Amino acid sequence: MTTSKITAGAAGRKAAECAEKAQRAQETLEAFRLQNLSATTERGFSPARIAELEKTVDDMARARDEMISLANMWSNVARALPPPPWLHQGSTR
């Protein structure tokens, strides 16, 4: 999609998609943390394995944050673009 062909509606839909993906990422991250917490305490994982799991959680959190940033970017794009011409057809300007 090129910037010359993007509409406010399309940008708004992209913002909504990104926000939905960020929400799913957050839910996955919380489930992953909970599962790993119980696994590390029950199985007595080594400090190296625990560090690997913590890095995975950090990576997942960064991906979630990036999706939130993309949602905000698309939302800003949608607000910056002019409304479609048909929206002003009844206007008295």
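Residues numbered from 1 in each chain as written. Predicted model: local features only at pLDDT ≥ 70, side-chain atom pairs only at ≥ 80, totals over all residues. Heavy atoms only, no water.

### Regarding the overall build of the chain
Filter applied, for reference: Where helices and strands are cited, they refer to DSSP runs of H or I of at least four residues and of E of at least two residues respectively, numbered from the N terminus. Burial here depends on accessible area, computed with a 1.4 Å probe over protein chains only, as a share of the maximum for the residue type. Under 20% is buried, over 50% is exposed, and the range in between is partly exposed. Residue burial considers only the protein chains on display, and all accessible areas are found by Shrake-Rupley using a 1.4 Å probe.
When helices and strands are tallied, the chain shows two helices and zero strands. Evaluated residue by residue, the chain yields a buried proportion of 19% over its 93 residues. Accessible surface for the chain amounts to roughly 7000 Å². Of this, 57% is attributable to carbon and sulfur atoms.

### Here we look at the pattern of salt bridges
Note the threshold: For this document, the term salt bridge refers to a Lys or Arg side-chain nitrogen within 4 Å of an Asp or Glu carboxyl oxygen.
Scanning the model with the defined rule gives five salt bridges in all. Each of the salt bridges in this network shares a partner with another, and the network as a whole consists of Lys55, Asp59 and Arg62.

### Observations concerning the packing of helix α1 (residues 8-43) against helix α2 (residues 47-80)
Operational definition: Axis angles are defined between N-to-C directions and span 0 to 180 degrees, where every axis is a line fitted to C-alpha atoms and, for a helix, only to the segment in contact. If an angle is under 35 degrees, it is roughly parallel; if it is over 145, roughly antiparallel; if it lies from 65 to 115, roughly perpendicular; otherwise it is oblique. Helix crossings get a hand from a simple test, with the near helix turned counterclockwise from the far one by less than a right angle marking a left-handed crossing and a clockwise turn marking a right-handed one. Each residue is assigned to one of three groups, with Ala, Val, Leu, Ile, Met, Phe, Trp, Tyr, Cys and Pro labelled nonpolar, Asp, Glu, Lys and Arg labelled charged, and all others, Gly among them, labelled polar.
Between α1 and α2, the least distance of the axes is 8 Å, while the angle of their chain directions is 165°. The orientation of α1 with respect to α2, classified from their angle, is roughly antiparallel. Handedness of the α1/α2 crossing: left-handed. Its residues assigned to classes, the contact of α1 with α2 comprises 21 nonpolar, seven polar and four charged.

### Some thoughts on the environment of Ala80
With respect to the helices and strands, Ala80 occurs in helix α2. Ala80 sits 72 residues away from Ala8 along the chain, and the two C-alpha atoms are 7.9 Å apart.

### Looking at α1
Cut-off, in case you're wondering: Multiplying one less than the number of residues by 1.5 Å gives the expected span of a helix.
Compared with an ideal rise of 1.5 Å per residue, which puts 36 residues at 52 Å, α1 spans 52 Å between its outermost C-alpha atoms and is within 8% of the ideal. Three or more residues of α1 are buried, namely Ala8, Ala10, Ala11, Ala15, Cys18, Ala22, Leu29, Asn36, Ala39 and Thr40. Gly44 sits one or two residues past α1 and shows a positive phi near 60°.

### Brief notes about α2
Residues spaced three or four apart along an α-helix point in a common direction, a consequence of the helix completing one turn every 3.6 residues. Which entries qualify depends on this criterion: Working rule for contacts: check all heavy atoms of both residues, and any pair within 4.5 Å makes them a contact.
Taking 1.5 Å per residue, 34 residues should reach 50 Å; α2 reaches 49 Å between its end C-alpha atoms and fits that length. Taken residue by residue, α2 has Leu53, Val57, Ala61, Arg64, Ala71, Trp74 and Ala78 as its buried positions. Lining the buried residues of α2 we find α1.

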